[in-house]
Amino acid sequence: MTDASSQPANPSLRLRFDEHGLIPVVAQDATTREVLLLAYMNEQALDATLATGDLTLWSRSRQELWRKGDTSGHRLRVVELRVNCEDNSLLARVELTGPGACHEGYRGCYYRTLSGEKAGALSAQVVERRAFDPATVYSPEREQDVALERDARILYAAYERLRDGPAPASSKTAALLHAPDSAEVSARALERARQELKELRGVLAGTHRHHGDARDVVLEASQVGYWTMLAAVAQRLPYDAWRPERAWLAGWRQQRIDHQPEHELARMLSDIVLDAGALCRAASIHPAGVVAADLEEMRSAYGDI
C-alpha cells in the first residue's frame, strides 16, 4: 500500500468553478467531523480564506463576500482545505469559535431529519437543541456594531496607505501624513479632534450648526473620528493598539472602555472618541453611520484605496 505522504503534489491543479464562478464548500468540524454548513466560494473568497485563515464565502443573495462570523462573532478558523476528486468542490475542516454556525441558532445547519416516501411529500423534524438565541446575536444593533469595526479598520488602513505610499498631489491628508515631523502632526491632529468634539457638543446644544439637522451630528462626529485616526496613523499606532470602535461603542452604550490602551496617545484618543460616541447616543445616531460617512468620503476622494 502506498503511503499518502509519498504522493506528489499537483502543482498545476485548477479548480473547476461553475458558470457563475462559484465552487461549493462544506464546512466540517475538524474535531468531531460534524458537518456545519454548505456554502459557496468564488476566487476572491478563496484568496481571502487562504490569506486570513478565516472561512470567507460568497453570498449569492447579497452578491458580496462575507466572512463567516462577522455578525455573530462565531468564526470558523480553517484547519485544512481539501478538494474532491473532480476538483469541483471543497471541504473546509474548521474550528468553530462560539456556540454555533447556523443563523437559526443551531451548532450546524443540518439540525433536522428528513422523512417521507416521495420527494414531493417530505417532512422535517428538528432533532438538535438550539445553541444560541439568533434574535439576540443577529439583532440590528449587533449588525451595526460589526459594520462599525469593519469600516473603521478599512478606513484606518486607507490612511496608513496614504502615509506610506506616494502622496496624491491634491491630498491635504496625505501631505500631513508625509510631513517630516510626525509628532507635531499628531499633536495638531489631537488638538483638532478636541475642537471638533467641542463643535459636536455645540450641535447638540443648538449653538453650532451647518444644516440644522442630523447631518450636523454626523459631520462633526466624523471629523472627530478623522482627526483621531490621523493622530494615531501619524504616530504609526497599529489599529489594534487602541481599537477605536471600542471607544465609539463604549460611549454609545454609556459604559467605560474595556481594555484601556497601554499607549498614552491611544488613551487620549480613546477618551475623545468615547465622548463622541456618547454624544451620538444623545442624538440617536449609531457611530456606525458616522464612520460609514467618513469612509464614503474617503472613497469619493481617492477611490477604493
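To start, this report covers the structure provided alongside it.

Rules used throughout
Residues numbered from 1 in each chain as written. Predicted model: local features only at pLDDT ≥ 70, side-chain atom pairs only at ≥ 80, totals over all residues. Heavy atoms only, no water. 1 Å grid on protein atoms, 1.4 Å probe; cavity = no way out; pocket = protein on both sides within 12 Å on 5 of 7 lines; lining within 4 Å. Points joined across faces, edges and corners; volume = space filled by probe spheres on them. Helix = DSSP H or I, 4+ residues; strand = E, 2+ residues; numbered from the N terminus. Nonpolar A, V, L, I, M, F, W, Y, C, P; charged D, E, K, R; others polar. Axes fitted to C-alpha atoms, helices over the stretch in contact; angles between N-to-C directions. Parallel < 35°, antiparallel > 145°, perpendicular 65-115°, else oblique. Left-handed = near helix turned anticlockwise from the far one by under 90°. Contact = heavy atoms within 4.5 Å. Buried < 20%, exposed > 50% of the residue type's maximum accessible area, 1.4 Å probe, protein only. Salt bridge = Lys/Arg side-chain N within 4 Å of Asp/Glu carboxyl O. Pairing = 2+ DSSP bridges.

In this structure the tally under the stated criterion is one cavity of 30 Å³ or more. The calculated volume of the largest cavity comes to roughly 70 Å³. Going through the elements one at a time, α6 (214-234), α7 (244-252) and α9 (287-302) are the ones with two or more residues in the lining of the largest cavity. Considering each element in turn, the lining of the largest cavity owes the most residues, six residues, to α6. Here the residues of the lining of the largest cavity are counted per class, giving 10 nonpolar, three polar and one charged.

In this section: the packing of helix α5 (residues 182-205) against helix α8 (residues 264-282). Here α5 crosses α8 at 15 degrees, and the two axes come no closer than 10 Å. For the element pair α5 / α8, the angle class is roughly parallel. The hand of the α5/α8 crossing is left-handed. Contacts between α5 and α8 pair Ser 186, Leu 190, Ala 193, Arg 194, Leu 197, Leu 200, Arg 201 and Leu 204 from the former with Leu 265, Met 268, Leu 269, Ile 272, Asp 275, Ala 276, Leu 279 and Ala 282 from the latter.

Here Ser 72 lies in the loop between β4 (64-67) and β5 (76-83). Its relative accessible area of 11% is what places Ser 72 among the buried residues. Residues in contact with Ser 72, not counting those within four places in the same chain, are Val 137, Tyr 138 and Arg 142.

Bringing the pattern of salt bridges into the picture now. Overall, the coordinates contain 18 salt bridges when judged by the stated rule. Across the salt bridge formed by Asp 54 and Arg 67, the nearest N and O atoms sit 3.3 Å from each other. In this pair, Asp 54 is assigned in the loop between α1 (43-52) and β3 (56-59) and Arg 67 in strand β4, connecting sequence segments 13 residues apart. One continuous salt-bridge network, built from bridges that share partners, spans Glu 149, Arg 153, Asp 240, Arg 243 and Glu 245.

A few words on the pairing of strand β6 (residues 90-96). The buried fraction of β6 amounts to five of the seven residues, a majority that puts the element mostly inside the structure. Both strand β1 (residues 23-29) and β6 contribute to a ladder of five bridges, which runs parallel. Counted as the bridge partner of Val 25 is Leu 90 from β6. Inspection of the sheet shows β5 paired to β6 by seven bridges, in the antiparallel sense. Opposite Glu 80, over in β6, you have Arg 93 as the bridge partner. Remark: six residues form the turn of the hairpin made by β5 and β6, two consecutive strands paired antiparallel; Asp 87 in that turn has positive phi of roughly 60 degrees.

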